[in-house]
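Observations on chain architecture
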Amino acid sequence: MAVRAVRGAVQLERDDARHMDEQVGALLTEVLRRNDLTQDDLISVWFTATPDLHSDFPAAAARNLGITDVPLICAQELDIEGAMPRVVRLLAHIESDRPRSEVAHVYLGAAAALRKDIAQ
């Protein structure tokens, strides 16, 4: 079993804790689904949020999905002029037999514009 990394992002419509929970939960669920993963395949997950998001920790959405024994961490994304607002990104480290080229990176909604080269 190899260690792989999966990227993903979602743009929120508003800075609201319930909305963040729903959208980040959907992102993480889709990462697991598209890569045929279970929670047991997760090693760790890094979340970043743009500086305009203050309502909650993105990692709280993972905990609300029942992911309680995986190390999670949140950080603030760089405040770059002109960057897409209200974006939560994730970098999940996983155990998988998939070749790196077959890992499905997940960019939901408007966030697909962030990485057209890898968004699937």
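Note that the coordinates shown come from a computational prediction; the quantities given were computed from them, not determined experimentally.

Some thoughts on the overall build of the chain
Scanning the chain for helices and strands turns up two helices and five strands. Mapped in sequence order, the helices and strands of the chain form the string β-α-β-α-β-β-β. Whereas a compact globule of 120 residues would reach a radius of gyration of roughly 14 Å, the chain reaches 14 Å, a difference of no more than 12%. In terms of overall dimensions, the chain has C-alpha extents of about 40 × 30 × 20 Å along its principal axes. Looking at the chain as a whole, 41% of its 120 residues are labelled buried. Restricting the contact set of the chain to residue pairs at least 6 apart, pairs at least 24 apart contribute 84%. Surface accessibility of the chain: about 6,600 Å² in total, with carbon and sulfur atoms responsible for 49%.

A short note on the pattern of salt bridges
As a working rule, side chains carrying opposite charge can pair if their charged atoms are close by. Taken as a whole, this structure holds five salt bridges when the rule is applied. Between Glu13 and Arg14 there is a salt bridge; the shortest N-O distance is 3.6 Å. According to the relative accessible area criterion, Arg14 is partly exposed, its value standing at 40%. A salt bridge links Glu77 to Arg89; the nearest nitrogen and oxygen atoms lie 3.7 Å apart. Residue Glu77 is found in the loop between β3 (72-76) and β4 (87-96), and its partner Arg89 is found in strand β4; the two are separated by 12 residues along the sequence. When its relative accessible area of 23% is taken as the criterion, Glu77 is described as partly exposed. Each of Glu30, Arg33 and Arg34 takes part in one network of salt bridges that share partners.

The rules behind the values
Residues numbered from 1 in each chain as written. Predicted model: local features only at pLDDT ≥ 70, side-chain atom pairs only at ≥ 80, totals over all residues. Heavy atoms only, no water. Helix = DSSP H or I, 4+ residues; strand = E, 2+ residues; numbered from the N terminus. Rg over C-alpha atoms; globule rule 2.2 N^0.38 Å. Buried < 20%, exposed > 50% of the residue type's maximum accessible area, 1.4 Å probe, protein only. Contact = heavy atoms within 4.5 Å. Areas by Shrake-Rupley, 256 points an atom, 1.4 Å probe, with all protein chains shown as cover. Salt bridge = Lys/Arg side-chain N within 4 Å of Asp/Glu carboxyl O.

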